[in-house]
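# Coordinate analysis (summary)
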Amino acid sequence: MTKKIAYLTGEYPKASHTFIQREIAELRKLGMEVLTCSVRRTAPEHLVGDIQRQEFDKTYHLLQAARSPLRLVRSHFKLLRQSPKRYFSTLCLAWKTRPPGNIAALYQLFYFAEAGVLARHLQDNSISHLHNHFGDSSGSVTMLAAALADIPFSYTMHGPTLFLEAKRWRIDEKTARAKFVICISHFCRSQAMLFSDEAHWDKFHIVHCGVLPDNYGRTRKTTPGKNFLFVGRLAAVKGLPILFEAFLDVLKQHPDAILTLIGDGPDRVKLQQQVKQLGLEQSVLFTGYQTEQEVAAHLEQTDAFVLPSFAEGVPVVLMEAMASKVPVIATRIAGIQELVTDGHSGHMVPPGDIRALSGKMCDLLKDPKHRDQMGAFGRRTVVADFDIAKETRWLFDILMEKAPAGQLRPKE
């Protein structure tokens, strides 16, 4: 029996959230109908490739729909007429879960207004379940829309920013009301347990984000070089100022080394200025956003992948690098240690430690044979535990209510 569900995120599709797109694609392959909804319209510069643009065209954009006064009033009037009790209890829920402050309370009323429009859209399309990626403002809209539409909801918890404001976003209430909660790692699950009542711990299921391993590592170069790659948002939280300082030290021993940065973000101009101030213009390359296929091609040609972040969940870009048989250097934070095995698939360094980072980068350049061994180990890890097809099959079973409550991983 086909199940018709909807996904809601703040922006869908988006270059930095391709893991959601992959998950939806795999659910559709398994026969599930998935209606995609996005709070905001994704800006054109964040849409990369024809597949993303096609997904964008098929996605329901909530804010755009809610800006129509007629649609807004009609949606809420129909919901009120369907069930005054449900309508006003949801309004009370919205008010009860508002963050502190007058402005936050006003935004909460906006979320309720948006939720009414979304609820009617879900009813009109016979949606039986609503799922959300991330638990912040779009998670609030999800909880309220599901209540108004009288359907169950769930959400995927990523962190780390959500855990910094767990009380603001009422993770406790969302977890209590959700049908189930997906956690992307054991670390994520531990934080979910910290901010929820013990009575709801059996709702937590671990489903990894993942990649399609067969899309990576097929034409890996065999000639060793001195190319480092970073893929991600160009923001200070990714540790890029630390990376530039570390790379400056690497160049003292390896003046022909190259660092390529794929991505864009709010700090791009500032970071480019830093590169210029350090005299790294000839050795650090900014490419901007790239398609999934272009990123894969860059990974085929690189010798090591570096991600010196201060805050992460379990980065999909590390999975892509490891699937490409590329050794990785990452910071010892959050759930990364559940992906990267220090000394086997790469190196782990303390966040913010320039000397440790530059030292491990130099170590990788000294021993190409060891790099190959690390790359092979990383590939095996991704194939075993971070294959999106396997992970989505587990999510599919949870959605279809085939997975027992509290079971963390499928039995292979």
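Quick look at the structure, then. (Residues numbered from 1 in each chain as written. Predicted model: local features only at pLDDT ≥ 70, side-chain atom pairs only at ≥ 80, totals over all residues. Heavy atoms only, no water.)

## Details of helix α14 (residues 316-323)
Buried residues dominate α14, accounting for 8 of its 8 residues. Of the positions making up α14, those classed as buried are Val316, Val317, Leu318, Met319, Glu320, Ala321, Met322 and Ala323. Contacts from the buried residues of α14 go to α1 (18-29), β8 (227-231), α13 (292-301), β11 (304-307), β12 (328-331) and α16 (368-385). Looking one or two residues beyond α14, the residue adopting positive phi is lysine 325, at roughly 65°. (Buried < 20%, exposed > 50% of the residue type's maximum accessible area, 1.4 Å probe, protein only. Helix = DSSP H or I, 4+ residues; strand = E, 2+ residues; numbered from the N terminus. Contact = heavy atoms within 4.5 Å.)

## Focus on the side chain of serine 309
When you line up the elements, serine 309 lands in the loop between β11 and α14. Only 2.7 Å separates the side chain of serine 309 from the side chain of glutamate 312, close enough to count as a polar contact. Aside from chain neighbours lying at most four places away, what touches serine 309 is Val237, Lys238, Gly239, Thr331, Ile333 and Pro351. (Polar contact = N/O pair within 3.5 Å; in protein donor to acceptor, adjacent residues only side chain to side chain.)

## Remarks on the packing of aromatic side chains
Under the defined criterion, the tally for this structure stands at 5 aromatic pairs. With a centroid separation of 5.5 Å and an interplanar angle of 85°, the aromatic rings of tyrosine 87 and phenylalanine 88 are classed as edge-to-face. For tyrosine 87, a relative accessible area of 12% gives the class buried. The exposure class assigned to phenylalanine 88 is partly exposed, which follows from its relative accessible area of 44%. Plain terms: the ring middles of tyrosine 87 and phenylalanine 112 are 5.4 Å apart, the flat faces sit at 75° to each other, and that makes the pair edge-to-face. With a gap of 25 residues between them, tyrosine 87 in helix α5 (residues 84-96) and phenylalanine 112 in helix α6 (residues 102-124) connect regions that are remote in the sequence. The class of phenylalanine 112 is buried, set by a relative accessible area of 6%. An aromatic cluster of at least three residues, connected via ring pairs, comprises Tyr87, Phe88 and Phe112. If you follow arginine 98 out to its NZ or CZ, it ends over the ring of tryptophan 95, 4.1 Å from the centre. The ring of tryptophan 169 carries arginine 168 above its face, with NZ or CZ at 5.0 Å from the centroid. (Phe/Tyr/Trp six-rings, centres within 6.5 Å; stacked < 30°, edge-to-face > 60°. Lys NZ or Arg CZ within 6 Å of the ring centre and 35° of its normal.)

## A short note on the pairing of strand β4 (residues 129-133)
Of all the 5 residues making up β4, 5 are buried; the element is thus mostly covered by neighbouring parts of the structure. Burial of β4 is two-sided: the residues His129, His131 and His133 facing one way and the residues Leu130 and Asn132 facing the other way are all buried. In terms of strand pairing, strand β1 (residues 4-11) meets β4 through 4 bridges, oriented parallel. When the sheet's bridge partners are listed, alanine 6 is paired in β4 with leucine 130. Of the pairings in the sheet, the one linking β4 to strand β5 (residues 153-157) comprises 4 bridges and is parallel in character. Looking at the pairing, leucine 130 lines up with phenylalanine 153 of β5. Handedness of the crossover joining β4 and β5 through helix α7 (residues 137-149) is recorded here as right-handed. (Pairing = 2+ DSSP bridges. Right-handed = clockwise from strand over helix to strand, strands pointing away.)

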